[in-house]
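# Residue-level structure breakdown
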Amino acid sequence: DSGVTQTPKHLITATGQRVTLRCSPRSGDLSVYWYQQSLDQGLQFLIQYYNGEERAKGNILERFSAQQFPDLHSELNLSSLELGDSALYFCASSVTPRGGVYNEQFFGPGTRLTVL
Amino acid sequence: KNQVEQSPQSLIILEGKNCTLQCNYTVSPFSNLRWYKQDTGRGPVSLTIMTFSENTKSNGRYTATLDADTKQSSLHITASQLSDSASYICVVSGSSTGTASKLTFGTGTRLQVTL
């Protein structure tokens, strides 16, 4: 158990809908990262927050948005869903926002999103 | 363009055998290289993190090597067990002071250990 929690574990919805994925980081971690992993694909970095502020953006679609709240939990909002959005969405957390060797990212169990 | 390539794409071995997974990268500048183990449907778990000055690092039956000159890394698994069946992901960090967008992920090697 990494200490990072994600809800829900599974989500099934229809095209055109909007969903919200939730992540709670490890105790003490200030930085949260969101990743998308499509079937048989590598992890794709979406976005990073540190202490409530956006720090880095990856390949995140305009239909997707995220935020980190004062209690440090984060939500990833996916709207106007398409079939291709079906994937595993992982949240990770770390102490600092940097990529240094001592700043390991701990991954949550993921949310499996299925768009029908 | 920063890239991380892993080989083989998939591998099947018998329980008790050894295997070696490869990772070649073109990330520059280089800060560190990480190997993660990802069980099916689960989040990745870190196995090792290596800087350019480290040639070898072990974690139990897992031994990672790094050649920063040739930009190659390998993950050697000794005396494989059924629980080693997973995807192994190589991740290269391009900056020690940068942010997550500097991480480049490989697509992983899917290892299956059979009886």
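Conventions used here
- Residues numbered from 1 in each chain as written.
- Chains lettered and ligands numbered in written order.
- Predicted model: local features only at pLDDT ≥ 70, side-chain atom pairs only at ≥ 80, totals over all residues.
- Heavy atoms only, no water.
- Buried < 20%, exposed > 50% of the residue type's maximum accessible area, 1.4 Å probe, protein only.
- Helix = DSSP H or I, 4+ residues; strand = E, 2+ residues; numbered from the N terminus.
- Pairing = 2+ DSSP bridges.
- Disulfide = S-S within 2.5 Å.
- Axes fitted to C-alpha atoms, helices over the stretch in contact; angles between N-to-C directions.

## Quick look at the pairing of strand β9 (residues 87-94) of chain A
All names here are of chain A. When you tally the buried positions in β9, you get 8 out of 8 residues, the bulk of the element. Burial along β9 is two-sided: Ala87, Tyr89, Cys91 and Ser93 and Leu88, Phe90, Ala92 and Ser94, pointing in opposite directions, are all buried. Where strand β4 (residues 31-37) lies against β9, 7 bridges are found, and the strand directions are antiparallel. Bridging from a neighbouring strand, Gln37 pairs with Leu88 of β9.

## Overview of the state of the cysteines
Considering all chains together, one arrives at 2 disulfides over all chains under this definition. Covalently, Cys23 of chain A is tied to Cys91 of chain A through a disulfide, its sulfur atoms 1.8 Å apart. With the S-S dihedral at roughly -50 degrees, the linkage between Cys23 of chain A and Cys91 of chain A falls on the left-handed side. Of this pair, Cys23 of chain A sits in strand β3 (residues 19-24) while Cys91 of chain A sits in strand β9; the two residues are 68 residues apart in sequence, bridging distant segments of the chain. Residue classification places Cys23 of chain A among the buried residues on the basis of a relative accessible area of 0%. Since its relative accessible area comes to 0%, Cys91 of chain A is described here as buried. Between the sulfur atoms of Cys23 of chain B and its disulfide partner Cys90 of chain B the distance amounts to 2.0 Å. Because the torsion about its S-S bond is -65 degrees, the bridge between Cys23 of chain B and Cys90 of chain B counts as left-handed. Of the two residues, Cys23 of chain B sits in strand β3 (residues 19-25) while Cys90 of chain B sits in strand β9 (residues 86-93), which places them 67 residues apart along the sequence. Across the pair, exposure class does not vary: Cys23 of chain B and Cys90 of chain B are buried alike. For the unlinked cysteine Cys19 of chain B, the closest cysteine sulfur is that of Cys23 of chain B, found at 15 Å.

## Focus on the sheet that holds β3 of chain B
All names here are of chain B. The strand order β1-β3-β8-β7-β6 describes an open sheet built from 5 strands, whose pairing is antiparallel. Taken across any chain shown, the strands that pair with only one partner, and hence form the sheet edges, are β1 (4-7) and β6 (56-59). Averaged over neighbouring strand pairs, the angle between their axes works out to 15 degrees when direction is ignored. Both β6 and strand β7 (residues 62-67) contribute to a ladder of 4 bridges, which runs antiparallel. Across the sheet, the residue bridging to Asn59 is Tyr62, located in β7.

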